[in-house]
Amino acid sequence: MRTEQVLFWIAVALYGVSTFAYIFGVIARAEKLLAAGLVAAAAGFFPHVASIAVRWVAQGVNPFITISESLTLGVGVSVLLYLLLQLGTDKVRMLGVLVMPIAFVLIGWGGTLRTGPSSQLAPSLQSAWLWVHIVGASTGFSAVFIAAGIGLLFLMKERGQGALYDKLPDPRTLDELSYRFVVGGFTLYGVMIVSGAFWADQVKGIFWNWDPVEVWSLVSWLTYGIYLHLRITFGWRGRRLAIYSLVAMVAMIVSYWGIPFSVETFHQGFRIEH
Amino acid sequence: MNTERSAPQSGAPGARRPAGLLHRANAFLVSPKLAIALLVIVLACCIVGVTVVRGARAGALIFGTLWFNALLVLLAVSSFTAFFSRIWKRKLTLVSAGMILFHLCFAALLGGIVYNQLFYFRGVLRLTEGETLANGEVESYDSVEHGRFFDFGRLRGATTLVRMHRNYEADGGNKRAAYEIAVGDAIPRRRSVIYVTEYLDHDGVRYFCSKEGYSVLLILSEKGGREIYGAHVPLQSYRQPDGSYRYASGTSTGEVVFDFPRPPERPLVGVQMSFRPSTIKDRDGEIAFRTWTPGTAAPPAPAAHGASPDPFGAHEDPLTPPPEDHGGAANPHGAAPPPGREGRVIVGAPFDAGDHTLTPREIRYWVGMDVRYDPGLTVILSSLCFGLAGMVVTFVGRIRQGSARRRRMGGGGPRAPAAPGTREEIA
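Conventions we followed
Residues numbered from 1 in each chain as written. Chains lettered and ligands numbered in written order. Predicted model: local features only at pLDDT ≥ 70, side-chain atom pairs only at ≥ 80, totals over all residues. Helix = DSSP H or I, 4+ residues; strand = E, 2+ residues; numbered from the N terminus. Rg over C-alpha atoms; globule rule 2.2 N^0.38 Å. Buried ≥ 20, exposed ≤ 12 C-beta atoms within 10 Å, placed from the backbone. Domains from an automatic or database assignment. Contact = placed C-beta atoms within 7 Å. Nonpolar A, V, L, I, M, F, W, Y, C, P; charged D, E, K, R; others polar. Axes fitted to C-alpha atoms, helices over the stretch in contact; angles between N-to-C directions. Parallel < 35°, antiparallel > 145°, perpendicular 65-115°, else oblique. Left-handed = near helix turned anticlockwise from the far one by under 90°. Pairing = 2+ DSSP bridges. Core = buried A, V, L, I, M, F, W, Y, C linked by C-beta atoms within 7 Å. Expected span 1.5 Å × (residues − 1). pLDDT = per-residue confidence, 0-100.

Asks: Hey, could you go over the overall build of chain A for me, with residue numbers and the actual values?
Replies: Scanning chain A for helices and strands turns up nine helices and zero strands. For chain A, the C-alpha radius of gyration of 19 Å lies close to 19 Å, the compact-globule estimate for 274 residues. Burial status across chain A gives 52% buried among its 274 residues.

Asks: I'd love a proper account of the domain arrangement of chain A, names of residues and values included.
Replies: Residues and elements named next belong to chain A. Examined at the domain level, chain A breaks down into domain 1 (1-120) and domain 2 (122-274). With 21 residues of domain 1 in contact, the opposing surface of domain 2 contributes 26 residues. Those elements giving two or more residues to the side of domain 1 that touches domain 2 turn out to be helix H3 (67-88) and helix H4 (96-112). With ten residues, H3 is the single largest residue contributor to the side of domain 1 that touches domain 2. Residues that form the side of domain 1 that touches domain 2 fall into these classes: 14 nonpolar, four polar and three charged.

Asks: I'd like a rundown of the interface of chain B and chain A, residues and numbers included.
Replies: Many authors give the size of an interface as the accessible area that is lost as the parts come together. Contact residues are listed per partner, giving 46 residues for chain B and 45 residues for chain A. Here the element with the most residues in the side of chain B that touches chain A is helix H3 (residues 32-50) of chain B; it accounts for eleven residues. Among the residues forming the side of chain B that touches chain A, the class breakdown is 30 nonpolar, seven polar and nine charged.

Asks: Could you give an account of the packing of H3 of chain A against H4 of chain A, with specific residues and numbers?
Replies: Residue and element names in this part refer to chain A. Close contact between H3 and H4 brings their axes to 9 Å; oriented N to C, the two are set at 160 degrees. As judged from the angle between their axes, H3 and H4 are roughly antiparallel. Note that H3 runs across H4; the crossing there is left-handed. Residues Ser68, Leu71, Thr72, Val75, Ser78, Val79 and Tyr82 of H3 form the contact with H4, whose participating residues are Gly96, Val99, Ala103, Leu106, Ile107, Trp109 and Gly110. For the contact of H3 with H4, the residue count by class is nine nonpolar, five polar and no charged.

Asks: Can you lay out the pairing of strand E21 (residues 356-373) of chain B for me, pointing to particular residues and giving the numbers?
Replies: Residues and elements named next belong to chain B. With 13 of its 18 residues buried, E21 lies for the most part within the structure. Pairing analysis gives eight bridges linking strand E1 (residues 121-128) to E21, with the strands arranged antiparallel. Residue pairing across strands places Arg122 opposite Arg372, the latter belonging to E21. When strand E10 (residues 205-222) meets E21, the two strands line up antiparallel, connected through 17 bridges. Residue pairing across strands places Val216 opposite Ile363, the latter belonging to E21. With two bridges connecting them, strand E20 (residues 351-352) and E21 associate as antiparallel partners. By the bridge assignment for E21, Asp352 is matched with Thr357. Adjacent in sequence and paired antiparallel, E20 and E21 are bridged by three residues, among which Gly354 carries a positive phi angle near 95 degrees.

Asks: Describe unusual backbone geometry, listing the residues and the values that go with them.
Replies: Residue and element names in this part refer to chain B. In this model, Phe260 is joined to Pro261 through a cis peptide bond whose omega is -5 degrees. Relative to the assigned elements, Pro261 resides in the loop between strand E16 (258-260) and strand E17 (269-277). For Asp203, which is not a glycine, the phi torsion comes out positive at approximately 60 degrees. As for its position among the elements, Asp203 is in the loop between strand E9 (200-202) and E10. Here the phi dihedral of Arg283 falls at roughly 65 degrees; this positive angle occurs in a residue that is not glycine. With respect to the element layout, Arg283 can be found in the loop between E17 and strand E18 (285-292). The partly exposed category is assigned to Arg283, around which 15 C-beta atoms lie within 10 Å.

Asks: Go over the nonpolar core with me, naming the residues and quoting the values.
Replies: A general trend in soluble globular proteins is that nonpolar side chains are found buried together. All names here are of chain A. Core analysis: the largest hydrophobic core is formed by 158 residues, its most contacted members being Val144 and Ile150. Element by element, the count of residues in this core is highest for helix H7 (residues 171-204), at 16 residues. Among all residues touching Ile150, those that are not within four sequence positions of it are Val92, Leu95, Leu174, Leu177, Ser178 and Phe181.

Asks: So, helix H1 (residues 3-28) of chain A: which residues are in play, and what are the values?
Replies: Residue and element names in this part refer to chain A. Taking 1.5 Å of rise per residue, the 26 residues of H1 would be expected to cover 38 Å, and the 37 Å separating its terminal C-alpha atoms lies within 8% of that figure. For H1, the complete set of buried residues consists of Glu4, Leu7, Phe8, Ala11, Val12, Leu14, Tyr15, Ser18, Thr19, Ala21, Tyr22 and Gly25. Those residues of H1 hidden inside the fold are in contact with helix H2 (31-59) and H4.

Asks: Please give an account of the sheet that holds strand E4 (residues 158-166) of chain B that cites residues and values.
Replies: Sheets are built from strands that pair by backbone hydrogen bonding, the pairs being arranged parallel or antiparallel. Residues and elements named next belong to chain B. The strand order E2-E4-E7-E8 describes an open sheet built from four strands, whose pairing is antiparallel. Strands with a single pairing partner mark the edges of an open sheet, and in this sheet they are strand E2 (132-134) and strand E8 (190-195). In this sheet, adjacent strand axes meet at a mean angle of 25 degrees when their direction is disregarded. In this structure, E4 lies alongside strand E7 (residues 177-184), joined through eight bridges in antiparallel fashion. When the sheet's bridge partners are listed, Met164 is paired in E7 with Tyr179.

Asks: Any details on the pairing of strand E13 (residues 245-248) of chain B? Residues and values, ideally.
Replies: All names here are of chain B. Both faces of E13 are covered, namely the face carrying Tyr245 and Tyr247 and the face carrying Arg246 and Ala248. Taking the residues that link successive antiparallel strands as the turn, the strand E12 (residues 236-239)-E13 hairpin has five residues, and the phi of Gly243 there is positive, at about 95 degrees. In terms of strand pairing, E13 meets E17 through two bridges, oriented antiparallel. When the bridges of E17 are listed, Ala248 appears paired with Ser274.

Asks: Go over the environment of Gly64 of chain B, please, and point to the residues and values.
Replies: Tracing the backbone shows Gly64 of chain B in the loop between helix H4 (55-63) and helix H5 (66-87). Along the sequence, Gly64 of chain B and Arg190 of chain B sit 126 residues apart, while their C-alpha atoms lie 36 Å from each other.

Asks: Can you tell me about helix H7 (residues 377-408) of chain B, naming the residues and giving the values?
Replies: Taking 1.5 Å of rise per residue, 32 residues should cover 46 Å, and H7 of chain B covers 46 Å from first to last C-alpha, within 8% of that figure. Looking only at H7 of chain B, the buried set comprises Leu377, Ile380, Ser383, Leu384, Gly387, Leu388, Gly390, Met391, Val393, Thr394 and Phe395 of chain B. Those residues of H7 of chain B that are buried are in contact with H7 of chain A together with helix H6 (94-119) of chain B.

Asks: Go over the environment of Gly147 of chain B, please, and point to the residues and values.
Replies: Residue and element names in this part refer to chain B. Inspection of the secondary structure assignment puts Gly147 in the loop between strand E3 (141-146) and E4. Gly147 gets classed as partly exposed once you count the C-beta atoms within 10 Å, which come to 18. Separated by 227 residues in the primary sequence, Gly147 and Asp374 place their C-alpha atoms 9.8 Å from one another. Excluding its chain neighbours within four sequence positions, the residues that come into contact with Gly147 are Gln117, Leu118, Phe119 and Tyr120.

Asks: Quick one: what's the story with the confidence of the model for chain A, residue by residue and with numbers?
Replies: All names here are of chain A. This prediction gives chain A a mean pLDDT of 87; 93% of its residues lie at or above 70. Per-residue pLDDT, averaged within each element of chain A, yields its smallest value for helix H6 (residues 163-166) (81) and its largest for H1 (94). Note that residues 268-274 has pLDDT below 50 and, in this model, 19 contacts with residues that lie over four places away or in other chains.

Asks: Any chance you could break down the packing of helix H5 (residues 129-159) of chain A against H7 of chain A for me, citing the residues and the numbers?
Replies: Residues and elements named next belong to chain A. Interaxial distance between H5 and H7 falls to 7 Å at its minimum, and their mutual angle equals 160 degrees. Viewed along their axes, H5 and H7 adopt a mutual orientation that is roughly antiparallel. Crossing of H5 against H7: the hand is left-handed. Split into classes, the residues belonging to the contact of H5 with H7 amount to 22 nonpolar, eleven polar and three charged.

Next comes the structure, spelled out in structure tokens:
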């Protein structure tokens, strides 16, 4: 087995450990299990990044093109953002109860789709816009993913009682924090859509083609646009928006990885046929 | 009409209608509920367009329809008016400045799209190496679409395909296919190499790489050796079930046989041919022929993606995916197999077609270029950029707002959120 694969599967295993530690930690209300979950997540992050680096060196071109590679990057950025948030405060440790299970499932799915390294980038992908597009997509996804996690914490805080829940910030803070991540994610997803439009214009001379992936990206973006309008214009707060952010995240996951995987599209496998 | 003036005097309630209607129309447009309802409807249409109906059907039933585009227009107008009616005369902050920029760009984007729709041009220009076509003639293009007010005078001069380069290297990467073209009406014409991420912009008209294929220079000679006719025959690539490609005379829907010479000349021989490129040398290989006498039944053409009766069969080394119809003349004869000749020769060697000889003199490439004129594109792309900048400014403003609140609260949590629609909330 190649080094890259060994590192990748070590990361998957550690994320799995983290997932179970978080789930059982919340069920058993055991803070030590949550701490173990955080340690496992941090421990898994390093081989995760190392596997990407090794693949990059091995193939010589950026390893963020196939669906598996895209999943690996998206999960990596999400876990990084989650860990950074943990460095800032220990009040939202329970956030891992949503972040790590989904990260585990997504990266595990990515693992089943892994292909060998490819030494060449398709000509249409040899564009600087690719980087803007990838960075916008992965960070935008990560931001709304964290926002959904904070939304879940809000709901847990509302219902749960005990030391574990008391440690969480007050609902207003959670609500505000979730909102900020949504604004950040909405902006970054906008960066992805706009860079995609520029890229498509460079390659095809069409900035928008109503391709399924484009439309799903628009769906996700509009979903968060509606979130912002509901909050700013209609004064929605708290519980309703927390539930909304969880549902919106599903749309985001479907548009990001589900659609290119399941339907014939311009983005098929993130390789544009020419 | 002085209905509005006389209304207060008469006191008739019906006389107030025009002003009332305007007020109601304004209230309707500036209503945030309308904006959000439109957002939800557009969202629902998008979901239906990628789930229930897909692809070309989605374009025909939803995305390309007048009602959907009218919805988008209404959405842009509604969000623009709703936002500015709320923000008007309010204190300008970083957040509101970002929002203003975003909503202005949203309206500018729509304006750019509408303008572009009225003046755009899109055409597919197919050229064989060495061939020149006039830009301003509709006949030069395989397909043409244009806006209601597009002026063909914009397409000046001519375009020549100088050469098609395979495995073209640029910026440290293999671009696979690059077209060296000369465009314009001045002498010398503007010359450039275009590839997938590099287009040529000449006088506002842009030339994009699209598809390419092989073209055979076919020479017809008498038995004595006198050449009587010659023409380039572009070949179609057919993707086979195993992923390999077969290059043959035909259209996008399937292989066809054609009369040679081409109309309006009198046909002397019916031809079907396919080409197997050499794996060693570019523009070289073998040609398989099937010929018959015109006026008799043509041999059945193999299906586009089915099993091939060609002696070469399919092969690897694909050049392109199947392009569109490039004008191979389908033979109108019946399907009964006639007596004919078949065989294969290398490029440059003659093939005995009975009363005549066919010689595939040389192989060239043909290319299909997308030619586009989009006068609204600058506005559209600028709006996207500035709209994005507006989002970033709003985001930064929100962060600064939160930090300021925390400082005011002495490091504590944020205070209670503002009531919807209040000045603080909007700002």
